[in-house]
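# Coordinate analysis (summary)
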Amino acid sequence: MPKVLFAVSEAHPLIKTGGLADFAGSLPVALQELRHDVRLVLPAYRPVLAQARAWREVARLELPGHQAARILEGALPGTRVTCWLVHAPEWFDRPGGPYADAGGHDWPDNAARYALFARAVAQLALDEAGLNWRAGVVHCSDWQTGLVPALLSREAERPATLFTIHNLAYQGLFPAAQFPALNLPAALWGHDGLEFHGQLSFIKGGLIYADRINTVSPTYAGEITTPALGYGLEGLLRHRAAHLSGILNGVDYRVWDPARDPLIIRNYSPAGLAHKAANKAWLQQHCALPAQEHIPLIGMVGRLVEQKGIDLLLAALPQLMKLPLQLVLLGSGARHFEDALQDWARRYPEQLSVRIGYNEELAHRIEAGADMFLMPSRFEPCGLNQLYSLRYGTVPIVRRTGGLADTVVDAGADNLKRDRATGIVFSEESGAALLDAVRRALNLFSGGATWHALMLAGMRQDYSWQASARRYSALYQQAMAERR
Ligand code: ADP
Ligand code: GLC
């Protein structure tokens, strides 16, 4: 089994802005269960350092043009996965988020920060830190680690590289003028390198130089080779189609399972589904909504950005608010979406509750308390909340795209009859289609037994990481065999 260096810019529970952290907090554990020797490496951001006080320094890395970075070693909390932190205080020990300050503005030195991180990862992979550990495969995720395959491609004796695309919309684009300051090999510049229409593209480092590329669902792997979702990179991705595949994310059922979730009001399982009601009652009370047991309650949690179809929701809201339903939304993101949603909540306090912010506990309680979960995404590389919703018996209403299309089976007559249906799926990117889907959900909800069957079918689905980890393991072997 090859040794795996798992390089990533966030990992639950140390630091999280979205699904990437859930991915990095659980796949390494599943890989370890398959007997891979895995090391997780991430930047030592301030909130991470606060949780890693007792971690020990195991190495120092000399990085050209920078002060030496220290490598701190510990276990990813709650697991036995060894984690290395790249401690370069000048770059990572600061208030705010990993990629942006508290006001949401990207850190102006992001190119330098993640170039430094990439160098550290490459040195660790090549056993240049004196840790007596050499990677067989380096598994990178998203643009923040894009330079790792590029840097390693220059080495004669190098590990294989896999680059996972979690979201092609984020590419790590910077002005070309920043390239010289990063001290990267000049040969990496150019159309067949890190240049993208006159800009410096970090993600291209992964797309061009990694031995293998994958996305987090099979459908999204196809979608990004089309102009609609390829963001100008579809040509390159088609060119690499033989090395591109899709592996669905899994769920960490240690964290997301209503039978043992410590964050929810009352645990429940398929056999004791009636206990879900206590979670709904709490949510209604917490959100100052009328405590009615039989009114359908729709939940939504996520980043309030274009990707998530917030504009489709806004387009449908005038009609939605005429229906007998309650809607609880938790999220943060683009200011104009936050403001518009809050306006609507002020107008319909009995039906709509909007919480702006990031709140892990409330996210779990919405999954547990809602009857339905809405994800009208314009695109969705995988999506995790619909998978959590299935397990929580909270019927997902989703747009047919990416991982949503791969994981939710529409409650059409035929699927219902065969007991295969797990949610409501709509196709068109419009407020009208969203509205129509919600109407269908309400109809089924009032149908009692059918709804109950739909909930149970969702709860039976098994998206645990084991199966996906085996696919990653096979991909590592393939990457090693095909190393260019
Ligand atoms: P993405 O990674 O595109 O944001 P995913 O569905 O893959 O979407 O994962 C989102 C993850 O982040 C989920 O675990 C979700 O619960 C969590 N999340 C998103 N926004 C919030 C929020 N405002 N508060 C708490 N958790 C959130
Ligand atoms: C990205 C995608 C999301 C996916 C997550 C984890 O943030 O937007 O769909 O689930 O990565 O892979």
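Residues numbered from 1 in each chain as written. Chains lettered and ligands numbered in written order. Predicted model: local features only at pLDDT ≥ 70, side-chain atom pairs only at ≥ 80, totals over all residues. Heavy atoms only, no water.

## Focus on the environment of Arg440
Mapping Arg440 onto the fold places it in helix α17 (residues 431-445). The class of Arg440 is partly exposed, set by a relative accessible area of 28%. Each C-alpha atom of the pair Arg440 and Asn267 lies 28 Å from the other, and the pair is 173 residues apart in sequence. Apart from residues lying up to four places away in sequence, Arg440 is in contact with Asp410, Ala411, Gly412, Ile424 and Val425. (Helix = DSSP H or I, 4+ residues; strand = E, 2+ residues; numbered from the N terminus. Buried < 20%, exposed > 50% of the residue type's maximum accessible area, 1.4 Å probe, protein only. Contact = heavy atoms within 4.5 Å.)

## Brief notes about the site of ligand 1
In the vicinity of ligand 1 there are 21 residues, among which Gly19, Asp22, Arg303, Lys308 and Gly357 approach most closely. Lys16 has a polar side-chain atom sitting 2.9 Å from an oxygen atom of ligand 1. Taking Asn359, its main chain carries an N or O atom lying 3.0 Å from a nitrogen atom of ligand 1. If ligand 1 stood free it would expose 560 Å²; the protein chains cover 93% of that surface. (Near = heavy atom within 4 Å. Polar contact = N/O pair within 3.5 Å; in protein donor to acceptor, adjacent residues only side chain to side chain. Areas by Shrake-Rupley, 256 points an atom, 1.4 Å probe, with all protein chains shown as cover.)

## Some points on unusual backbone geometry
Across the junction of His12 and Pro13, the peptide omega takes the value 5 degrees, indicating a cis bond. Tracing the chain through its elements places Pro13 in the loop between β1 (4-7) and α1 (19-33). One non-glycine residue, Asp142, adopts positive backbone phi at about 65 degrees. If you check the backbone angles, Ala288 has positive phi at about 55 degrees while not being a glycine. By secondary structure assignment, the location of Ala288 is in the loop between α10 (276-286) and β13 (297-304). Given a relative accessible area of 59%, Ala288 falls into the exposed group.

## Looking at the domain arrangement of the protein chain
Each domain of the protein chain was delimited in the assignment, giving domain 1 (3-250 + 465-481) and domain 2 (270-459). Computed from C-alpha coordinates alone, the two centres of domain 1 and domain 2 are separated by 32 Å. At the junction of domain 1 and domain 2, the tally comes to one salt bridge. Residue Lys16 pairs with Glu360 through a salt bridge whose shortest N-O separation is 3.8 Å. Inspection of the domain 1/domain 2 interface yields eight residue pairs in polar contact (both at pLDDT 80 or more). Taken together, the elements giving at least two residues each to the side of domain 1 that touches domain 2 come down to α1 and α7 (218-223). If one sorts the elements of the side of domain 1 that touches domain 2 by residue count, α7 sits on top with four residues. Each residue belonging to the side of domain 1 that touches domain 2 can be placed in one class, and the counts come to eight nonpolar, nine polar and three charged. (Domains from an automatic or database assignment. Salt bridge = Lys/Arg side-chain N within 4 Å of Asp/Glu carboxyl O. Nonpolar A, V, L, I, M, F, W, Y, C, P; charged D, E, K, R; others polar.)

## Remarks on empty space enclosed by the protein
Applying the stated rule across the entire model yields two cavities of 30 Å³ or more. Roughly 50 Å³ of volume is contained in the largest cavity. Every residue lining the largest cavity is listed: Leu63, His66, Gln67, Ala68, Ala69, Ala88, Pro89, Glu90, Trp91 and Leu116. Residue contributions to the lining of the largest cavity peak at three residues, all from helix α3 (residues 89-92). Across the lining of the largest cavity, the residue classes tally to seven nonpolar, two polar and one charged. Considering only enclosed or pocket space, the second largest cavity measures out at about 30 Å³ in volume. For the second largest cavity, the full set of lining residues is Tyr45, Arg46, Pro47, Phe92, Arg94, Pro95, Gly96, Gly97, Pro98, Trp107 and Arg113. Taken together, the residues of the lining of the second largest cavity break down into six nonpolar, two polar and three charged. (1 Å grid on protein atoms, 1.4 Å probe; cavity = no way out; pocket = protein on both sides within 12 Å on 5 of 7 lines; lining within 4 Å. Points joined across faces, edges and corners; volume = space filled by probe spheres on them.)

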